Amino acid sequence: MRAAYVTAPSADDPAGAVEVGDLDVPGPPDGWCRVDVRAGALNMHDVWTLRGVAGGPAGTPRVLGSDGAGVCDGRDVLVYPVLPVPGRTVGHTELLGDRGHGLLAEQAVVPAAGLVPKPAHLTWEEAAALPTAWLTAYRMLFTKARLRAGQSVLVQGAGGGVSTAVIALAKAAGASVAVTSRSAAKRERALRAGADAALRTDERVPEPVDVVIESVGPATFDHSTRSVGPGGTIVVCGASTGFTAPLHLARLFAREITVHGSTMGTREEFADLVGFVERHRLRPVIDRTAGLADVPALVRRMLGGDAFGKLCVTVR
Ligand SMILES: NC(=O)c1ccc[n+]([C@@H]2O[C@H](COP(=O)([O-])OP(=O)(O)OC[C@H]3O[C@@H](n4cnc5c(N)ncnc54)[C@H](OP(=O)(O)O)[C@@H]3O)[C@@H](O)[C@H]2O)c1
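Cut-offs used in this document
Think of each chain on its own: its residues are numbered from 1, step by step along the sequence as written. Side-chain atom pairs in this predicted model are given and counted only at pLDDT of 80 or more, local residue features only at pLDDT of at least 70, and totals for whole chains, interfaces and linings cover all residues. Values reported for side chains reflect all heavy atoms of the structure, with hydrogen atoms and water molecules removed beforehand. Only runs of H or I of at least four residues qualify as helices and only runs of E of at least two qualify as strands under DSSP, and these elements are numbered from the N terminus. Here a polar contact means two N or O atoms within 3.5 Å. Within protein one must be a hydrogen donor candidate and the other an acceptor candidate, and residues neighboring in sequence count only if both atoms are side-chain atoms. Only heavy atoms enter the contact rule, under which two residues are in contact if any of them lie within 4.5 Å. Note that the domain bounds were set by an automatic or database domain assignment. Buried area is understood as the total, over both parts, of accessible area removed when two parts are fitted together, assessed with a 1.4 Å probe. One side-chain nitrogen of Lys or Arg within 4 Å of one carboxyl oxygen of Asp or Glu is enough to make a salt bridge. For the exposure calls, accessible area comes from a 1.4 Å probe over protein chains only, and a residue counts as buried if that area is under 20% of its type's maximum, exposed if over 50%, partly exposed in between. Think of it this way: one heavy atom of a residue within 4 Å of a molecule or strand is enough to make that residue near it. Only the protein chains shown count as cover for residues, and the accessible areas themselves come from Shrake-Rupley with a 1.4 Å probe.

Comments concerning the side chain of Gln 107
Inference 1: Within the fold, Gln 107 resides in strand β7 (residues 107-111).
Inference 2: At 3.4 Å, the side chain of Gln 107 and the side chain of Arg 34 are in polar contact.
Inference 3: Setting aside residues up to four positions removed in sequence, Gln 107 forms contacts with Met 1, Val 25, Arg 34, Val 35, Asp 36, Val 37 and Arg 316.

Comments concerning the domain arrangement of the protein
Inference 1: According to the domain assignment, the protein consists of domain 1 (2-130 + 284-314) and domain 2 (134-261).
Inference 2: If you average the C-alpha positions of domain 1 and of domain 2, the two centres end up 27 Å apart.
Inference 3: Between domain 1 and domain 2, the contact holds 15 residues from the first and eleven residues from the second.
Inference 4: Interface area for domain 1 against domain 2, summed over the two sides, is near 1,000 Å², with a carbon-plus-sulfur share of 64%.
Inference 5: The three residues of domain 1 that bury the most area against domain 2 are Leu 130, Val 285 and Phe 308, which together make up 49% of that side's buried surface.
Inference 6: At the boundary of domain 1 with domain 2, the tally comes to zero salt bridges.
Inference 7: Applying the counting criterion to the domain 1 and domain 2 interface returns three residue pairs in polar contact (both at pLDDT 80 or more).

Focus: unusual backbone geometry
Inference 1: Unusually for a residue other than glycine, Arg 146 sits at a positive phi of about 50°.
Inference 2: Looking at the secondary structure, you find Arg 146 in the loop between α3 (131-144) and β9 (152-156).
Inference 3: For Asp 202, which is not glycine, the phi dihedral falls at a positive 80°.
Inference 4: Among the secondary structure elements, Asp 202 is positioned in the loop between β11 (197-200) and β12 (209-214).
Inference 5: Exposure remark for Asp 202: the relative accessible area of 43% places this residue in the partly exposed category.

What to know about the environment of Asp 73
Inference 1: Positionally, Asp 73 belongs in the loop between β5 (67-72) and β6 (75-79).
Inference 2: Among the residues examined, Asp 73 registers a relative accessible area of 73% and is labelled exposed.
Inference 3: Between the C-alpha atom of Asp 73 and that of Cys 33, which follows or precedes it by 40 residues, the distance is 8.9 Å.

Details of the environment of Pro 296
Inference 1: Inspection of the secondary structure assignment puts Pro 296 in helix α9 (residues 295-304).
Inference 2: By relative accessible area, Pro 296 is classed as buried at 15%.
Inference 3: When the C-alpha atoms of Pro 296 and Ala 15 are compared, they prove to be 4.8 Å apart, with 281 residues separating the residues in sequence.
Inference 4: Here Pro 296 is in contact with Ala 15 and Val 18, once residues within four sequence places are set aside.

Some remarks on the site of the ligand
Inference 1: By nearness alone, 23 residues border the ligand, and Val 162, Ser 181, Lys 186, Cys 237 and Met 264 come closest of all.
Inference 2: Between an oxygen atom of the ligand and a side-chain N or O atom of Arg 182, the distance comes to 2.8 Å.
Inference 3: Thr 263 places a polar side-chain atom, nitrogen or oxygen, 3.4 Å from a nitrogen atom of the ligand.
Inference 4: In isolation the ligand exposes 910 Å². Once the protein is present, 82% of that is buried.

Structure representation (structure tokens):
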């Protein structure tokens, strides 16, 4: 099978560590099945794999990608991106591709229990854009922050897969959404994607918000604690600018702010997400689609920071 994979990770040149070529397809173990992959999508997690921070041992060819959609036994399906750990319901930290192969290949072997029917209104690439970023956004908004219609959400960063998913999901749930971005072009795109307001990074919010979705880290975390109102919630799923951020303790206790960590989601949340997307006819924002041979270029675009929405891969 033709695949985009990594054998020799590189901390300095992750895009250069992508190899594209033929690999053998392993047979599915009990409870797993083979999917003819039609499309996949990239995430920051793939960059961590290419840098040698995530995933299995160097020297072993490992297919990239935790996101994919394809055909299994004649059914059009989406693949739950998390590797199951029996009994674990929180901390979904291992993704497909962390042990064994991922999904950026013509065929993938995945747990059969994780397959969910593909919404018919989505293209293969749109479907493949959902699993990692949208599942993360769904759990943050609905499980962790318990978002209700009429509440307000602030999303730090405008162009990432998680941010664009949050805009769509929160709007569909009847919330108002503000985003921050360093880029005027991305603020404009966010408004077109459905956000009600787009602020410069660190700009004061007109009104304190109920929920802040935080994945940027130290560059925005103080602004997040300034922006959330009394009794509000900050949900953190990432730390793109570093792992240590200031926490203004007086704001935390005086306003009784709750801070949650969140990672990926359960299989049940994945099925709920896909049902929500189908009911509301939502479509992920796609920045760019390319073939397997162009995965290095997509990784470079992700690292360049100019993308707005998901970077998708047409497999066949
Ligand atoms: N825990 C989980 O389950 C999970 C799942 C998916 C992703 N993540 C994490 O979530 C984060 C977002 O991932 P992603 O794939 O959605 O998108 P991404 O492409 O990593 O998103 C980058 C966002 O961060 C903002 N940003 C980057 N550097 C910044 C800086 N110095 N100052 C202010 N803003 C900055 C950008 O905002 P601008 O609009 O200003 O450019 C952009 O919107 C990553 O850290 C990723 O690892 C975690």
